[in-house]
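The lines below spell out each chain.
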Amino acid sequence: MKQNLTPDGVAAKIAEVYAMTTTNRLAEASAIETSFKTWMSDNFNLTTDQTTFLTGISSTAAANYGSNCGICFRNMLQIALIAPEPPIQSDKWLKLTNNILVATNASGALEYTGSLTFSYEYR
């Protein structure tokens, strides 16, 4: 189900993804890694301004966002959105704070912990 691109909508979408079967959740991880912009537009009700902003995100940034979200989906790590009210006449930036920790033991076993926080920043 599509959610609004708000903090509550992101929380609801993440809960929905994490409630999926492992196979479906891993498919969502691959989908967001492959095309962050497409996954976002397929899973969120976007306003015209949000669609314009999403379209304008550079392919390098979108690939980074998608890769990090894929890690979270695979490992069921928290993803949050902070969206303050925009001031008048400011440029909007999407900032990703990555608190994902990657660890391996002596046998090479991989473990991910932590979270991602996307926030709108106005400059």
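Our structure is the block above this text.
If you're wondering where the values come from, they're calculated on a predicted model, not measured in any experiment. (Residues numbered from 1 in each chain as written. Predicted model: local features only at pLDDT ≥ 70, side-chain atom pairs only at ≥ 80, totals over all residues. Heavy atoms only, no water.)

Asks: Can you tell me about the nonpolar core, naming the residues and giving the values?
Replies: Core analysis: the largest hydrophobic core is formed by 27 residues, its most contacted members being Phe 36, Phe 73, Ile 79 and Phe 118. When contributions to this core are tallied by element, the ones reaching two or more residues are helix H1 (7-18), helix H2 (22-34), helix H3 (36-43), helix H5 (59-75), strand S3 (78-82) and strand S7 (115-122). A total of 6 residues in this core trace back to one element, the largest contributor, which is H5. Apart from residues no more than four positions distant in its own chain, Phe 36 is found in contact with Leu 54, Ala 62, Tyr 65, Gly 66 and Cys 69. (Core = buried A, V, L, I, M, F, W, Y, C linked by side-chain atoms within 4.5 Å. Buried < 20%, exposed > 50% of the residue type's maximum accessible area, 1.4 Å probe, protein only. Helix = DSSP H or I, 4+ residues; strand = E, 2+ residues; numbered from the N terminus. Contact = heavy atoms within 4.5 Å.)

Asks: Give a detailed account of the pairing of strand S6 (residues 110-113), specifying residues and quantitative values.
Replies: Examined bridge by bridge, strand S5 (residues 101-104) and S6 share 4 bridges and lie antiparallel to one another. Directly across from Leu 101, in S6, lies its bridge partner Thr 113. Taking the residues that link successive antiparallel strands as the turn, the S5-S6 hairpin has 5 residues, and the phi of Gly 108 there is positive, at about 90 degrees. (Pairing = 2+ DSSP bridges.)

Asks: Can you explain the packing of aromatic side chains? Please cite residues and give values.
Replies: Evaluated as defined, the whole model comprises 7 aromatic pairs. Where Phe 53 meets Tyr 120, the ring centres are 6.2 Å apart and the plane angle is 85 degrees; that geometry is what we call edge-to-face. One end of the pair, Phe 53, is in helix H4 (residues 48-56); the other, Tyr 120, is in strand S7, with 67 residues separating them in the sequence. Aromatic pair Tyr 65 and Phe 118: ring centres 5.3 Å apart, planes at 80 degrees, arrangement edge-to-face. Residue Tyr 65 is located in helix H5, and its partner Phe 118 is located in strand S7; the two are separated by 53 residues in the primary sequence. Both residues of the pair, Tyr 65 and Phe 118, count as buried. Taken together through their ring pairs, the aromatic side chains of Tyr 18, Trp 39, Phe 44 and Phe 73 make up a single cluster. Lying over the aromatic face of Phe 53, Lys 92 brings its terminal NZ or CZ to 4.7 Å of the ring centre. Between the NZ or CZ atom of Lys 92 and the centre of the ring of Tyr 120, over which it lies, the distance is 4.1 Å. (Phe/Tyr/Trp six-rings, centres within 6.5 Å; stacked < 30°, edge-to-face > 60°. Lys NZ or Arg CZ within 6 Å of the ring centre and 35° of its normal.)

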